[in-house]
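Fold and contact review
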There are 2 protein chains.
Amino acid sequence: MFVNVNANSAVRPKFLGEHDGLSRAQVILSEFKYSRGTEVFGEAEPAEYVYQVVEGAVRSYKLLSDGRRQIGAFHLVGDIFGLENGAVHRFTAEAIVDTTVRLAKRVNLEHVARADALVARDLLSMTTSNLQHAENHMLLLGRKTSLERVAAFLLEMDSRLTAAGVMALPMSRRDIADYLGLTLETVSRTLSCLHGKGLLDFLGQTQRQIVLRNRSELAKLDL
Amino acid sequence: MFVNVNANSAVRPKFLGEHDGLSRAQVILSEFKYSRGTEVFGEAEPAEYVYQVVEGAVRSYKLLSDGRRQIGAFHLVGDIFGLENGAVHRFTAEAIVDTTVRLAKRVNLEHVARADALVARDLLSMTTSNLQHAENHMLLLGRKTSLERVAAFLLEMDSRLTAAGVMALPMSRRDIADYLGLTLETVSRTLSCLHGKGLLDFLGQTQRQIVLRNRSELAKLDL
DNA sequence: CGAAGTATTGAGACGTCTCAAAATTAGTGG
DNA sequence: CCACTAATTTTGAGACGTCTCAATACTTCG
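A brief look at the structure comes next. Just so it is clear, the model here is predicted, and its values are computed rather than measured.

**Details of the protein's contact with DNA strand C**
Close contacts around DNA strand C come from 22 residues, with Arg173, Ser188, Arg189 and Ser192 of chain A together with Thr186 of chain B the closest. Per the 4 Å cut-off to the protein, sugar and phosphate atoms form 71% of the nearby atoms of DNA strand C. A distance of 3.2 Å separates a sugar or linking oxygen of DNA strand C from a polar atom in the side chain of Gln207 of chain A. Here a phosphate oxygen of DNA strand C sits 3.0 Å away from a polar atom, N or O, in the side chain of Arg208 of chain A. Secondary-structure elements contributing two or more residues to the surface near DNA strand C are helix 5 (184-196) of chain A together with helix 5 (184-196) of chain B. Its residues placed into classes, the surface near DNA strand C shows three nonpolar, twelve polar and seven charged.

**Focus on the relation of the copies chain A and chain B**
Screw-axis analysis of chain A against chain B gives a translation of 0.0 Å along the axis, an RMSD of 0.0 Å, and a rotation angle of 180 degrees. Within this description, the copies of the chain are treated as partners about a two-fold rotation axis. A shared interface surface links the copies, since 100% of the contact residues of chain A are contact residues in chain B too.

**Topic: the packing of helix 4 (residues 173-180) of chain A against helix 5 of chain A**
Residue and element names in this part refer to chain A. Running from N to C, helix 4 and helix 5 point in directions that differ by 100 degrees, and their axes come no closer than 8 Å. Judged on the interaxial angle alone, helix 5 and helix 4 are roughly perpendicular. Contacts between helix 4 and helix 5 involve Arg173, Arg174, Ile176 and Ala177 from the former and Leu184, Val187 and Leu191 from the latter. Considered class by class, the residues forming the contact of helix 4 with helix 5 number five nonpolar, no polar and two charged.

**A closer look at unusual backbone geometry**
A positive phi angle, near 55 degrees, is found at Ala164 of chain A, a position not held by glycine. In this structure, Ala164 of chain A sits in the loop between strand 9 (162-163) and strand 10 (166-168). Here the phi dihedral of Ala44 of chain B falls at roughly 75 degrees; this positive angle occurs in a residue that is not glycine. With respect to the helices and strands, the residue Ala44 of chain B is situated in the loop between strand 2 (39-41) and strand 3 (49-55). A relative accessible area of 52% means that Ala44 of chain B is categorised as exposed.

**What about the protein's contact with DNA strand D?**
Taken together, 21 residues surround DNA strand D, and among them Thr186 and Gln205 of chain A together with Arg173, Ser188 and Ser192 of chain B come closest. By atom count, sugar and phosphate contribute 70% of the portion of DNA strand D lying within 4 Å of the protein. Contacts to DNA strand D include Glu185 of chain A, whose side-chain N or O atom sits 2.9 Å from a base nitrogen. Where the surface near DNA strand D is concerned, the elements lending two or more residues are helix 5 of chain A together with helix 5 of chain B. It is helix 5 of chain B that contributes the most residues to the surface near DNA strand D, five residues altogether.

**Here we look at the interface of chain A and chain B**
Counting residues at the interface gives 37 residues for chain A and 37 residues for chain B. Carbon and sulfur atoms make up 61% of the surface buried where chain A meets chain B, a total of about 3,600 Å² over both sides. Linking chain A with chain B are six salt bridges. Between Arg143 of chain B and Asp178 of chain A there is a salt bridge whose closest N-O contact spans 2.8 Å. For the pair chain A and chain B, the interface holds 18 residue pairs in polar contact (both at pLDDT 80 or more). Among the elements of the structure, strand 5 (69-75), helix 2 (117-143) and helix 4 of chain A are those that each provide at least two residues to the side of chain A that touches chain B. Classifying every residue of the side of chain A that touches chain B gives twelve nonpolar, 14 polar and eleven charged.

Calculation criteria
All residue numbers here refer to positions counted from 1 along the written sequence of the relevant chain. All chains are assigned letters beginning with A, and all ligands numbers beginning with 1, in the order in which they are written. Local features in this predicted model are restricted to residues of pLDDT 70 or higher, and side-chain atom pairs are both shown and tallied only at a pLDDT of 80 or more, whereas totals for entire chains, interfaces and linings draw on every residue. Side-chain measures here rest on the full set of heavy atoms in the structure, leaving out hydrogens and waters. Throughout this document, a residue counts as near a molecule or strand when at least one of its heavy atoms sits within 4 Å of that molecule or strand. Whenever a nitrogen or oxygen atom comes within 3.5 Å of another N or O atom, the pair is scored as a polar contact, on the condition that within protein one atom can donate a hydrogen and the other can accept it, and that pairs from neighbouring residues in sequence are kept only if both atoms are in side chains. What counts as a helix is a DSSP run of H or I of at least four residues, what counts as a strand is a run of E of at least two, and both are numbered from the N terminus. Nonpolar residues are Ala, Val, Leu, Ile, Met, Phe, Trp, Tyr, Cys and Pro. Charged residues are Asp, Glu, Lys and Arg, and all others, Gly as well, are polar. When the copies are superposed, the least-squares fit takes in the C-alpha atoms of residues with a pLDDT of at least 70 in both. We call two residues contacting when some pair of their heavy atoms lies within 4.5 Å. A fitted line through C-alpha atoms serves as each axis, taken over the contacting stretch for helices, and the angle formed by two N-to-C directions is quoted from 0 to 180°. We call two directions roughly parallel when the angle between them is under 35 degrees, roughly antiparallel when it is over 145, roughly perpendicular when it lies between 65 and 115, and oblique otherwise. A 1.4 Å probe rolled over the protein chains alone gives each residue an accessible area, and that area as a share of the maximum for its type sets the label: buried under 20%, exposed over 50%, partly exposed in between. We define buried area as the total accessible area lost by two parts upon association, computed with a 1.4 Å probe and summed across both. Any Lys or Arg side-chain nitrogen found within 4 Å of a carboxyl oxygen on Asp or Glu counts as a salt bridge.

Now the structure itself:
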């Protein structure tokens, strides 16, 4: 099932096993592919692995009993996810598009962390940046209008995945809505509104390629 | 300004310096009092100390430029707050009522953590529980109704500060609203509604002492 | 090219917010 | 301790933003 791969990809972000993200950790790495829509791990499942997106995109979410969904984060190329302190995962993680992940056995990581204080420090700083993102997102979900939420989303994605001026969103309107605490219709309407104001353009024949025309106006909308 | 105190209080929770929360750390501890409404630290201020509530209650919040406020957490007796990985605080912290805190210099704590892996582990697990709280709160803020939010709030506070069956809330309706992403009127109406249904009672002549009459019905409301 | 999935747009419903007033509680100084 | 004032809470009525439901358009994929 798991294929051992150590081939170097020529991609920008720092990957597990390269001496950065998780220092010069001697952890066993594998790669695995998930096709669009499949689950990487489920909420409350034992947290056996830690993952990093090599290619594609992943959403982590929680569900209420009646199906309402809150996406806590999108994981894009280079992002590490599924890192838990406790025994089980607190989110469900699904591939948004066909996705390749690199994975490390959690117990190995913990073993290395015990020996190497730098690795332990990396674990803390990753957890801290997750916390920081969650804190900012609470402000968005609790207090921002739909326009402010969508503007914040666009700016976040712009900074994380824009290549050559074009932002190719992997996620659907529904995913965006569940991330922003809105409905997909409200997201769609708000994007149309921003397009109408000349702040962004839709590119080609897909609605998921977006070009930001006026970042500073968007930034003003995101208080 | 800071008074060195090592007197043992006879209170329930484990405190800094007692061999639990932060292991057998040899950190210098002081106590300090903040009167109702005063700021303990501000957002983006250098994070020089880590705090623990000895008596009273604290709110941590973020503000938007126009004054909208999102409270990220309430810190009650025993809770540690102001723990940062980065150089600065990401929230403003204010005393809700007259409050006594114990505080430790952050650099000392880091120094100890470097020497003692158990302390380092405690730091990570504290950050993780903050993260876990934030993740649950994102679900609440993004997807729950006002009734579900208030029910969740009551159950959270019930588990954290009920003494002798009575829950003495230190925070105002406005604080609750800013925690739940609602307005104070909606919080008040929702509490009235729950009272009307016989799920809770208001005690004495204050509106901040509440007795939960039917926890299981409340739990059903909090999906 | 047809079918399924996704996005847009519209119209009306609904939940929460806003504004306002009254009731209650807390705080202050005599 | 009381009287007075300020602050907080409750309650009401109407406004507003987002949601729901529905229809249409567009894109993707077999």
